[in-house]
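Single-letter residue listing:
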Amino acid sequence: MIVATLQEHSRLIIRHRESAGVSLVYLLSDIWIKPPEIMFGGGAAPILVLSQNTKRDAGKKVQLENVAAGKAIADVIRTCLGPQAMLKMLMDPMGGIVMTNDGNAILREITVQHPAGKSMIEIARTQDEEVGDGTTSVIVLAGEMLGVAEQFLAQQMHPTVIIRAYRQALEDAISLLQDNISIALDPNDRPKLLEVIKSCVGTKFIGRWSDLACTIALDAVHTVMLEENGRREIDIKRYAKVEKIPGGSIEESTVLRGVMLNKDVTHPKMRRYIENPRIVLLDCSLEYKKGESQTNIEILKESDFTRILQLEEEHIQKVCEEVIAMKPDVVFTEKGISDLAQHFLLKAGITAIRRVRKTDNNRIARACGATVVNRTEELREEDVGTGAGLFEIKKIGDEYFCFITECKNPKACTILLRGASKDVLNEIERNLQDALHVARNILVEPKLVPGGGAVEMAVAQILAEKSKLVQGVGQWPYRAVAEALEIIPRTLAQNCGTNTIRTLTALRAKHATGGDTWGINGETGELADMCTLGIWEPLSVKLQIYKTAVETAILLLRIDDIVSGSKKKDKEGGTKTAQPTEESMKE
Ligand SMILES: Nc1ncnc2c1ncn2[C@@H]1O[C@H](COP(=O)(O)OP(=O)(O)OP(=O)(O)O)[C@@H](O)[C@H]1O
Ligand SMILES: [Mg+2]
């Protein structure tokens, strides 16, 4: 047995007692004394697992902290839900301003320190990418799902029990939504489609022009919809471009039957107004190709130099002749056009536009039925686009724009937005993106659920009934999911300034007596039948909201350890990471 006693400062005397009782005494003068928090592994050298700068939190504290962080994030954007939503004004580090009530756009701009807060923000982004709408709802719901778990954690219930119950409740909710509550919609029923899009943009700034916004969104989506062998493709991102031009009024915004680009003709004498143009699209340059890297040419005679120039000219002439042979009226190329090429084209009465973006070129191709060609030798009659009715250069504000419109069967379009200022236009664009996504979602999966909190109330009611059949303690968290769903109608009522408790009790009573489609009228805060009010939401958006919210709550509850460390030397950074303040999240 070894017994160590501390003598003086750093001197140790170690006595080795033999069984016989004889003791040997060693005096160690410069022995290192361990700091109290480092342990000796198996009596040997200390094991340093975590670096000195890391901070570690574990156990219940972490879980409660995560719950608090989730709730704090939800509180930030709670007032942005519904038709009476408030806008937030955010200033980015560069001094730019964002004014919006779109959940994702707000959270994208704010800086959050707590890791749980960060993952909450991430789900808003996922929601935006996946279905484009419901970003506020998903955060509010996820925050509430975490909030209702707090009581169980306080009662020492193990997180896995809570998680299991949550997961089962989610599965039940999904099958309820899909099989019992959702109703099918005829995708050719235009008034109904407009109604759905209207309830989506009704919560937005553009809501005041909702008729206009709805027709724009629906027309754009119908334009880019492509049906091939039963497969339906709606690629809004690529083929429905939103162009914002400050000035004018919002009423002047339109969907073009074709596309528009911010380009002017290369030569002032070229034609600027052509009816039924033949369009050729190229992605090669109409210039003499220079050597790839630095090229040296050694010439002996002066006449050789002239010959080189001549060759260049001949090459350009040949290329231009190949283009001219197709008798186009307009040529677009992604690369450059030299002065000489412009001259040849002008002589043949062809209008040319250069340095078009690849994406724009693809859009023109879909609008007028042309094919983008890489080599002029390969130009054929089928590659020429003849679908457009009008080519025109117009001056709007201070800039020149090229319009290719009146297309016969455009499969791409440009949405032209006008508005008072850049900030207003940006917000209108975000709103329109929501509307476009909703239009796409219902065309891809034509199923609807009633909005205004009606569907949440209905699901909550059934889940609460079902929770009685759940065995064991799991039934409480299962029931809590049902309660958490009520946050959507509650917040809608709250944002209208009504008495939430009275309204919710009345709504619960309504649902108990068979009023399945009753919810909150977001304008007045009174109870209303969503069928008569005409507030509908796509099923795919609702499903995604439920799935993401519950999954995130599950994920955050499963965490019982946060190790945060900074590579930086300063201690501040190391400890700050895991200690969010209210302000840091609300900033
Ligand atoms: N006129 C209305 N009356 C009642 N509820 C409404 C009305 N219009 C929309 N809602 C409800 O408001 C909620 C949607 O609000 P909002 O559009 O502000 O947020 P979001 O769609 O979750 O997020 P975001 O649009 O910011 O991505 C839905 O639950 C919808 O049913
Ligand atoms: Mg919305």
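Heads up: these notes are all about the structure in this document. (Residues numbered from 1 in each chain as written. Chains lettered and ligands numbered in written order. Predicted model: local features only at pLDDT ≥ 70, side-chain atom pairs only at ≥ 80, totals over all residues. Heavy atoms only, no water.)

**With respect to the overall build of the chain**
For the chain, the count of helices and strands is 20 helices and 25 strands. With 587 residues in all, the chain has 48% of them scored as buried. Here the analysis covers contacts within the chain between residues at least 6 apart in sequence; of these, 71% occur between residues at least 24 apart. (Helix = DSSP H or I, 4+ residues; strand = E, 2+ residues; numbered from the N terminus. Buried < 20%, exposed > 50% of the residue type's maximum accessible area, 1.4 Å probe, protein only. Contact = heavy atoms within 4.5 Å.)

**Considerations on the packing of aromatic side chains**
Scanning all chains against the criterion turns up two aromatic pairs. Consider the rings of Phe205 and Trp209, whose centres lie 6.1 Å apart with planes at 50 degrees: the pair is tilted. Overall, Trp209 belongs to the partly exposed group, its relative accessible area being 21%. Here Phe332 and Phe391 contribute two aromatic rings whose centre-to-centre distance is 6.3 Å and whose plane-to-plane angle is 70 degrees, an arrangement assigned as edge-to-face. Taken as a pair, Phe332 in strand E15 (residues 330-333) and Phe391 in strand E18 (residues 390-396) lie far apart in primary sequence, 59 residues in all. The pair Phe332 / Phe391 is uniform in exposure class, with both members buried. Over the face of the ring belonging to Phe403 we find Lys394, whose NZ or CZ atom lies 4.7 Å from the ring centre. (Phe/Tyr/Trp six-rings, centres within 6.5 Å; stacked < 30°, edge-to-face > 60°. Lys NZ or Arg CZ within 6 Å of the ring centre and 35° of its normal.)

**Overview of the site of ligand 1**
For ligand 1, the set of nearby residues contains 24 residues, the closest of which are Thr135, Ser137, Thr203, Gly452 and Glu537. In this structure, Gly82 approaches ligand 1 through a main-chain N or O atom, which is 3.0 Å from an oxygen atom. Between ligand 1 and Gly103, the relevant distance is 3.1 Å, taken from an oxygen atom to a main-chain nitrogen or oxygen of the residue. Within the complex, the protein chains bury 96% of what would otherwise be the 630 Å² of accessible surface of ligand 1. Looking at which element gives the most residues to the shell around ligand 1, the answer is helix H4 (residues 135-154), with three residues. Along the lines of polarity and charge, the residues of the shell around ligand 1 split into six nonpolar, 13 polar and five charged. (Near = heavy atom within 4 Å. Polar contact = N/O pair within 3.5 Å; in protein donor to acceptor, adjacent residues only side chain to side chain. Areas by Shrake-Rupley, 256 points an atom, 1.4 Å probe, with all protein chains shown as cover. Nonpolar A, V, L, I, M, F, W, Y, C, P; charged D, E, K, R; others polar.)

**Concerning the sheet that holds strand E10 (residues 240-246)**
What the three strands build is an open sheet, ordered E10-E20-E11; its pairing is mixed. Looking at strand neighbours, the two that pair on one side only are E10 and strand E11 (254-255), the edges of this open sheet. (Pairing = 2+ DSSP bridges.)

**So, the sheet that holds strand E19 (residues 399-405)**
Ordered in space as E12-E19-E18-E13, the four strands form an open sheet in which the pairing is antiparallel. Bordering the open sheet on either side are strand E12 (259-261) and strand E13 (273-275), each of which pairs with just one other strand. Direction aside, neighbouring strands of the sheet carry axes that sit 25 degrees apart on average. Note: E12 against E19, three bridges, orientation antiparallel. By the bridge assignment, Val259 is partnered in E19 with Ile404. Lying on the sheet, helix H11 (residues 358-368) is in contact with E12 and E19; it crosses E12 at an angle near 150 degrees. (Axes fitted to C-alpha atoms, helices over the stretch in contact; angles between N-to-C directions.)

**Quick word on the packing of H4 against helix H14 (residues 475-485)**
Viewed as axis vectors pointing N to C, H4 and H14 meet at an angle of 145 degrees, and their least axial separation amounts to 9 Å. The two elements H4 and H14 cross, and the hand of that crossing is right-handed. In contact with Leu141, Glu144, Met145, Val148 and Phe152 of H4, H14 contributes Trp476, Pro477, Ala480, Val481, Ala484 and Leu485. Taken together, the residues of the contact of H4 with H14 sort by class into 10 nonpolar, no polar and one charged. (Left-handed = near helix turned anticlockwise from the far one by under 90°.)

**Structural notes on the pairing of strand E20 (residues 413-419)**
The buried fraction of E20 is high, at seven of seven residues. Side chains Cys413, Ile415, Leu417 and Gly419 of E20 all project onto a buried face; the interleaved residues Thr414, Leu416 and Arg418 project onto the opposite face, where all are buried too. Here seven bridges tie E10 to E20, and the two strands are oriented parallel to one another. Counterpart to Ala240 in the pairing with E20 is Cys413.

**Focus: the nonpolar core**
Core analysis: the largest hydrophobic core is formed by 75 residues, its most contacted members being Ile139, Tyr166, Val459 and Tyr546. When neighbours within four sequence positions are excluded, Tyr166 is seen to be in contact with Met145, Val148, Ala149, Pro477, Val481, Val550, Ala553, Ile554 and Leu557. Core analysis: the second largest hydrophobic core is formed by 41 residues, Ile279, Val319, Val331 and Ile350 among them. (Core = buried A, V, L, I, M, F, W, Y, C linked by side-chain atoms within 4.5 Å.)

**Thoughts on empty space enclosed by the protein**
Vacant regions in the atomic arrangement are exposed by a probe of water-molecule size rolled over the atoms. Under the counting rule described, the total for this entry stands at three cavities of 30 Å³ or more. The volume enclosed by the largest cavity comes to roughly 40 Å³. Among the secondary structure elements, those contributing two or more residues to the lining of the largest cavity are H4, helix H5 (159-181), H14 and helix H18 (539-557). The class makeup of the residues in the lining of the largest cavity is eight nonpolar, no polar and no charged. (1 Å grid on protein atoms, 1.4 Å probe; cavity = no way out; pocket = protein on both sides within 12 Å on 5 of 7 lines; lining within 4 Å. Points joined across faces, edges and corners; volume = space filled by probe spheres on them.)

**Some words on the side chain of Lys411**
Counting through the fold element by element, Lys411 comes out in the loop between E19 and E20. Contact partners of Lys411, with chain neighbours within four places excluded, come to Thr223, Val224, Met225, Leu226, Tyr239, Arg366 and Ala367.

**Re helix H3 (residues 115-130)**
Its 16 residues place the ends of H3 23 Å apart at the C-alpha level, agreeing with the 22 Å of an ideal helix rising 1.5 Å per residue. Buried within H3 are the following residues: Ala116, Gly117, Met120, Ile121, Ile123, Ala124 and Gln127. In an axial view of H3, the angular spread of the buried residues amounts to 150 degrees, which keeps them on one side of the axis. The elements touched by buried residues of H3 are helix H1 (60-77), helix H2 (103-109), H4 and H18. The positive-phi residue at the C-terminal boundary of H3 is Gly132, with phi of around 85 degrees. (Expected span 1.5 Å × (residues − 1). Arc of directions from axis to C-beta.)

**With respect to a nonpolar patch on the surface**
Together, Ile47, Val49, Leu50 and Val563 line one region of the surface with nonpolar side chains, adding up to about 390 Å² of accessible area. With respect to the helices and strands, Leu50 occurs in the loop between strand E3 (23-28) and strand E4 (55-58). (Patch = residues over 30% accessible without salt bridge, like charges linked within 9 Å, V, L, I, M, F, W, Y side chains within 5 Å. Salt bridge = Lys/Arg side-chain N within 4 Å of Asp/Glu carboxyl O.)

**Notes on helix H6 (residues 190-201)**
Its 12 residues place the ends of H6 16 Å apart at the C-alpha level, agreeing with the 16 Å of an ideal helix rising 1.5 Å per residue. Of the residues making up H6, those classed as buried are Leu193, Val196, Ile197, Ser199, Cys200 and Val201.

**Side note on unusual backbone geometry**
Although it is not a glycine, Asn276 adopts a positive phi angle of roughly 40 degrees. Looking at where Asn276 falls in the secondary structure, it is placed in the loop between E13 and strand E14 (279-282). Not every positive phi belongs to a glycine, and Glu406 is a case in point at roughly 55 degrees. The residue Glu406 is located in the loop between E19 and E20 in this model.

**Quick notes on the packing of helix H9 (residues 302-324) against helix H10 (residues 339-347)**
Between H9 and H10, the shortest axis-to-axis distance is 10 Å and the interhelical angle comes to 35 degrees. Considering only the axes of H9 and H10, their crossing is right-handed. For the pair formed by H9 and H10, the contact residues are Glu313, Ile316, Gln317, Cys320, Val323 and Ile324 on the first element and Leu340, Ala341, Phe344 and Leu345 on the second.

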